[in-house]
Amino acid sequence: MTAAVFDHNGPWTEEEYLALGETQQRVELFDGSLHVTPAPTPRHQNISGELRVALRIPAREAGLHVLEAVNVRLRPGRIPVPDLVITGPIDFDEVNVEASEVRLVCEIISPSNAATDKVLKMHYYAAAGIEWYLLVEQENGTLHRYRRHGRHYRELSVTKPGEALELTEPVRATIRPQDLVP
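Residues numbered from 1 in each chain as written. Predicted model: local features only at pLDDT ≥ 70, side-chain atom pairs only at ≥ 80, totals over all residues. Heavy atoms only, no water.

Details of the overall build of the chain
- Summing up its helical and strand segments, the chain has 5 helices and 13 strands in all.
- Since a compact globule built from 182 residues should have a radius of gyration of about 16 Å, the 16 Å found for the chain is in line with a globular shape.
- Principal-axis analysis of the C-alpha atoms places the extent of the chain at approximately 50 × 30 × 30 Å.
- Taking all 182 residues of the chain together, the buried fraction comes to 45%.
- Intrachain contacts of the chain at a sequence separation of at least 6 include 48% that bridge at least 24 residues. (Helix = DSSP H or I, 4+ residues; strand = E, 2+ residues; numbered from the N terminus. Rg over C-alpha atoms; globule rule 2.2 N^0.38 Å. Buried < 20%, exposed > 50% of the residue type's maximum accessible area, 1.4 Å probe, protein only. Contact = heavy atoms within 4.5 Å.)

And the structure:
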């Protein structure tokens, strides 16, 4: 991938981005530019795995799916890789999940890219019509739950360690921050 990236001239098209194939790094496409981050830390992955476990059965019961680190096509040329999504029925052989199929998107805030998760991606997800956004703080598992209001999100709740988040949409689930962190 390195040679392909450094030898590239001009903005990246969606086709060129997808031609990179699977990579060790998380590579996202934002309006012609690549955003590359190293592989997540073990702490990050532990939180993601525990959150997936907490949501898997409730999602299945609701006829939905929980997926980690998949391409989500928000619009042509805009493909982030969220940490976790809950989707409706999808084609599991397609390289992208369409934003219209995503019911909830979750990002685990990494110190190196907090602004991307709290500002850029939040704006892009809301503009794409994704109803629910969940942000998780790595250091203690604090959960920030947002619901779309027009083309923006409004924070509905902050759940800290010792408390429990009771989700009713898009699935019914109880999530405790202290259960997410190692």
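Concerning the environment of Gln178
- As for its position among the elements, Gln178 is in helix α5 (residues 177-180).
- For the pair Gln178 and His65, spaced 113 residues apart in the sequence, the C-alpha separation amounts to 24 Å.
- If near-sequence neighbours (up to four positions away) are discounted, Gln178 is found in contact with Pro161, Gly162 and Glu163.
- Among the polar contacts made by the side chain of Gln178, one reaches the main-chain amide nitrogen of Gly162 at a distance of 2.9 Å. (Polar contact = N/O pair within 3.5 Å; in protein donor to acceptor, adjacent residues only side chain to side chain.)

Notes on the nonpolar core
- By size, the foremost hydrophobic cluster in this structure holds 22 residues, and its most contacted members are Leu51, Leu55, Val136 and Ile175.
- Mapped by element, the contributors of at least two residues to this core are α3 (42-61), β6 (84-87), β8 (102-109), β9 (132-137), β12 (165-167) and β13 (173-175).
- Discounting residues that sit within four places of it in the chain, Ile175 has contacts with Leu51, Ala54, Leu55, Leu143, Glu163, Ala164, Leu165, Leu167 and Leu180.
- Core analysis: the next-biggest nonpolar cluster, separate from the first, contains 19 residues, Val105, Ala126, Tyr133 and Tyr153 among them. (Core = buried A, V, L, I, M, F, W, Y, C linked by side-chain atoms within 4.5 Å.)

Considerations on the environment of Ser112
- Mapping Ser112 onto the fold places it in the loop between β8 and α4 (114-127).
- Judged by relative accessible area, which is 72%, Ser112 ranks as exposed.
- Linking Ser112 and Tyr125, residues 13 residues apart in sequence, is a C-alpha distance of 20 Å.

Things to note about the side chain of Thr159
- Inspection of the secondary structure puts Thr159 in strand β11 (residues 152-159).
- Thr159 has contacts with Gly141, Thr142, Leu143, Ala164, Leu165 and Pro177, leaving out every residue within four places of it along the chain.

Section: the pattern of salt bridges
- Taken as a whole and assessed by the stated rule, the structure comprises 11 salt bridges.
- Salt-bridge contacts for Lys121 lead to Glu28; the nearest nitrogen and oxygen are separated by 2.7 Å. A residue pair is termed long-range when its members are at least 10 positions apart, and Lys121 in helix α4 and Glu28 in strand β1 (residues 26-30) qualify at 93 residues.
- In this structure Glu28 comes out as buried when scored by relative accessible area, which is 2%.
- Across the pair Glu98 and Arg73 runs a salt bridge whose closest N-O atoms are separated by 3.6 Å. Of this pair, Glu98 sits in strand β7 (residues 96-98) while Arg73 sits in strand β4 (residues 71-73), and the two are 25 residues apart along the sequence.
- For Glu98, a relative accessible area of 34% corresponds to the partly exposed category. (Salt bridge = Lys/Arg side-chain N within 4 Å of Asp/Glu carboxyl O.)

Some words on α4
- The terminal C-alpha atoms of α4, which comprises 14 residues, lie 19 Å apart, in line with the 20 Å expected from a rise of 1.5 Å per residue.
- Along α4, the sharpest change in direction is near 40 degrees and occurs at Lys121.
- Inspection of α4 places Thr116, Asp117, Lys121, Met122, Tyr124, Tyr125 and Ala126 among the buried residues, and these make up the whole buried set.
- Note on α4: the residue one or two positions beyond its end, Gly129, has a positive phi of about 90 degrees. (Expected span 1.5 Å × (residues − 1). Bend = angle between axes of the 7 residues up to and from the residue.)

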